[in-house]
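# Structural description and commentary
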Amino acid sequence: MKKLLVLPLVLLSFCAIAEERIILGSYERESSEHNYEIVRVGIESNFTLDGVGAKLFNFKDNGLYLGVGFAYLFGDREFCVWSRCSFYDANETLLSGEIGRALGQWTPFVGTSFTRSEVKYRHDNNVEETWSVNAGLWFEFNTFKLRGAVTDLEDKENRSIFGGLMFEVDNTYIVGAEIEMLLDNDKDRYSFSFQIGRSF
């Protein structure tokens, strides 16, 4: 009788869905240069922000994929009018979440992200809060996970392309990098992330 009870347990263990959770800490950098003109006055708005972040991804061989992320960046924002420049403290907070479904090696996903940007002027603080809709794919090949996405689908001015890579070392540790570039030709903006963490 005991042998008969063991058999279903063995079969269930073979049918179990493999699951992998990955947690990463990251170094983040975002840089932007924007030149424009107001009533024949040339204005430049530039910034470079550095910070840290954390990401959690939950992959399954067959089932729902979930991902969440957080980042906080800070630095200076530069405004130049007729070559006279002023510098102001700036910071940015990013929150993101996404959901998808594993289809073999491919995992398509959709998600949303929230960004809160703050610039501290001499007599006032300017705060902007924005939401965006994103869509993309993960592709898994041996110890590599490749990621591609389009962000800000609903906003032509801020729409970006996004690429990433994660590499697994010794079936435990993860090293990754991501880069995002703005598609608008009138602005020069990119962000970069270097990540390290582990799977469990």
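The paragraphs below set out a description of the structure included in this document.

What counts as what
- Residues numbered from 1 in each chain as written.
- Predicted model: local features only at pLDDT ≥ 70, side-chain atom pairs only at ≥ 80, totals over all residues.
- Heavy atoms only, no water.
- 1 Å grid on protein atoms, 1.4 Å probe; cavity = no way out; pocket = protein on both sides within 12 Å on 5 of 7 lines; lining within 4 Å.
- Points joined across faces, edges and corners; volume = space filled by probe spheres on them.
- Helix = DSSP H or I, 4+ residues; strand = E, 2+ residues; numbered from the N terminus.
- Nonpolar A, V, L, I, M, F, W, Y, C, P; charged D, E, K, R; others polar.
- Buried < 20%, exposed > 50% of the residue type's maximum accessible area, 1.4 Å probe, protein only.
- Pairing = 2+ DSSP bridges.

## So, the layout of surface pockets
In this structure, the second largest pocket spans a volume of roughly 210 Å³. Taken together, 15 residues make up the lining of the second largest pocket; nearest its centre are Phe59, Lys60, Asp61, Glu140 and Lys145. At the level of secondary structure, the elements contributing two or more residues to the lining of the second largest pocket comprise β1 (19-38), β2 (41-60) and β6 (125-141). The biggest single contributor to the lining of the second largest pocket is β6, with 3 residues. Taken together, the residues of the lining of the second largest pocket break down into 6 nonpolar, 3 polar and 6 charged.

## Regarding the pairing of strand β7 (residues 144-151)
Of the two faces of β7, only one is covered, namely that formed by Lys145, Arg147, Ala149 and Thr151; the face formed by Phe144, Leu146, Gly148 and Val150 stays uncovered. With 7 bridges joining them, β6 and β7 adopt antiparallel strand pairing. Residue pairing for β7: alanine 135 is matched across the bridge by valine 150. Hairpin remark: β6 followed by β7, antiparallel, with 2 residues in the connecting loop; positive phi at asparagine 142, about 55°.

## Quick word on empty space enclosed by the protein
Per the counting criterion, the structure on display carries 1 cavity of 30 Å³ or more. Approximately 30 Å³ is the volume attributed to the largest cavity. The wall of the largest cavity is formed by Ile22, Thr143, Lys145, Met166, Phe167, Glu168 and Ile174. No other element matches the 3 residues that strand β8 (residues 160-169) contributes to the lining of the largest cavity. Here the lining of the largest cavity is built from residues that sort into 4 nonpolar, 1 polar and 2 charged.

## A short note on the pairing of β8
Covered by surrounding structure in β8 are Ser160, Phe162, Gly164, Met166 and Glu168 only, the residues Ile161, Gly163, Leu165, Phe167 and Val169 on the alternate face being uncovered. Two elements, β7 and β8, share 8 bridges in a ladder whose sense is antiparallel. Within the sheet, the bridge partner assigned to valine 150 lies in β8 and is isoleucine 161. With 10 bridges joining them, β8 and strand β9 (residues 173-182) adopt antiparallel strand pairing. The residue of β9 that forms the bridge with phenylalanine 162 is glutamate 180. Hairpin connection, β8 to β9: the antiparallel pair is bridged by 3 residues, and aspartate 170 has positive phi, about 55°.

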